[in-house]
Amino acid sequence: MLIMNQLDKQYQELLFDIIENGVDKDTRNGKTRSVFGKQIRHKMSEGFPLLTTKKMYWKGIVTELIWFLRGDTNIKFLVDNGCHIWDGDAYKNYTNHFVGYEDVPNQEWFIDKIKTDFKFAEKWGELGPVYGKQWRNWKFTDKFTNGEQIAYVNGKVDQISNLINDLKTNPDSRRLLVTAWNPGELDQMTLPPCHYGFQVYTRELKLGERIELLRKKEDSIWLNTGLVESIIEPMLKEHNIPTRAISLMWNQRSVDTFLGLPFNIASYGLLLEIIAKEVNMVPDELIGNLGDTHLYHDHMSQAKEQITREPYALPKFKIDNQYWVDNCGLDTNILSMLIEDFQIKDYQSHPTIKAPLLN
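Reference entry: report on the structure contained in this document. (Residues numbered from 1 in each chain as written. Predicted model: local features only at pLDDT ≥ 70, side-chain atom pairs only at ≥ 80, totals over all residues. Heavy atoms only, no water.)

### Things to note about the overall build of the protein
The helix and strand tally for the protein stands at 13 helices and ten strands. For 359 residues, the compact-globule formula gives about 21 Å, and the C-alpha radius of gyration of the protein, at 22 Å, lands near that figure. Dimensions of the protein, computed from the C-alpha atoms along their principal axes, are close to 80 × 70 × 40 Å. When the 359 residues of the protein are sorted by exposure, 48% land in the buried category. Within the protein, contacts between residues at least 6 apart in sequence are counted, and of these 74% link residues at least 24 apart. When the accessible surface of the protein is split by element, carbon and sulfur atoms take 50% of a total near 18,800 Å². If you average the places of the 42 positive and of the 49 negative side-chain charges in the protein, the two averages end up 1 Å apart. (Helix = DSSP H or I, 4+ residues; strand = E, 2+ residues; numbered from the N terminus. Rg over C-alpha atoms; globule rule 2.2 N^0.38 Å. Buried < 20%, exposed > 50% of the residue type's maximum accessible area, 1.4 Å probe, protein only. Contact = heavy atoms within 4.5 Å. Areas by Shrake-Rupley, 256 points an atom, 1.4 Å probe, with all protein chains shown as cover. Lys, Arg positive; Asp, Glu negative; His and termini not counted. Charge placed at Lys NZ, Arg CZ, Asp CG, Glu CD.)

### Here's the deal with the packing of aromatic side chains
Applying the stated criterion across every chain, the model contains 20 aromatic pairs. Look at Phe68 and Trp135: their rings are 5.3 Å apart centre to centre, the planes differ by 65°, and that puts the pair in the edge-to-face class. Note that Phe68 is positioned in helix H2 (residues 58–69) and Trp135 in helix H7 (residues 131–136), a separation of 67 residues in sequence. Taking the centre distance of 5.6 Å and the plane angle of 70° together, the rings of Tyr94 and Phe120 count as edge-to-face. Placement of the pair is Tyr94 in helix H4 (residues 87–95) and Phe120 in helix H6 (residues 118–124), with a sequence separation of 26 residues. The same class applies to Tyr94 and to Phe120, which are both buried. Taken together through their ring pairs, the aromatic side chains of Trp67, Phe68, Trp86, Tyr131, Trp135, Phe198, Trp250 and Tyr268 make up a single cluster. Taking NZ or CZ as reference, Lys54 lies 3.6 Å from the ring centre of Phe258, over its face. (Phe/Tyr/Trp six-rings, centres within 6.5 Å; stacked < 30°, edge-to-face > 60°. Lys NZ or Arg CZ within 6 Å of the ring centre and 35° of its normal.)

Given below as structure tokens:
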């Protein structure tokens, strides 16, 4: 049965809403038209959330998320893997050190140096304590008293590892969240986080839902919910059928709706798939809460074109990696993964719509 693509429709309605009802503003990087307080909701069972009304840069989406999960904050990993979405931010930081100078090298020269000169990349490819740093290495200083002596010790929090552990040990917790908004380090970041935090939520699967998962896995059409639980439960356990579904909700303060939001939707959909696989749960719902949701004036004509396009069916997703080992830790699995192991199947889309990236 063909499932209607409601995600593209939601996105097109959001574009239309901004164009028709938005407020025009002058911002640090250009004129925008914006609305406030919107939401995107998508059921992962309806397909992977990769928009079809324009061709999406799937490799870039995967590369950036792996970069986050590795705790990396230097663009060299991105550049070496052909992902250039952070180039402008790093280059802008570089040129800020040459105010008043003539003949500042151009961005093409800068990126070539990042690729070929390790020392240069180590210094100028660094973006500061952005997403990966906060997700994997949130630093803090703790004070404790030893007798009459007061001492301070530096520590760190790996929010992703803590999240995975809590999902495995306390899946009904209301504290299953990760934040990238560290007020004490915002001034050290090349760009403060736009999508600043996410929360996950799990629920127990009904017996019928688990049987359906087994039926799909084993192609066993004879399975039905009428079987007594004492018979079916050992079969479900033998085939490692999940007992829970997991949803993810991210929060975003600033939303570049034409270029950024489609990327964010797919990225958090991918993150949900990765976390679900690591904790053996079923991806359920993806939700985005959007603050200042804007279109740059330079993107208006492109947005209007996308609104006119008829969506295709959403694609399917698969992690195709023989080295992924359950219960061995997310870091071990992520470090063994190739970008090509995250596969999109049956992706049909309209052509790319080019628009300038405004850093």
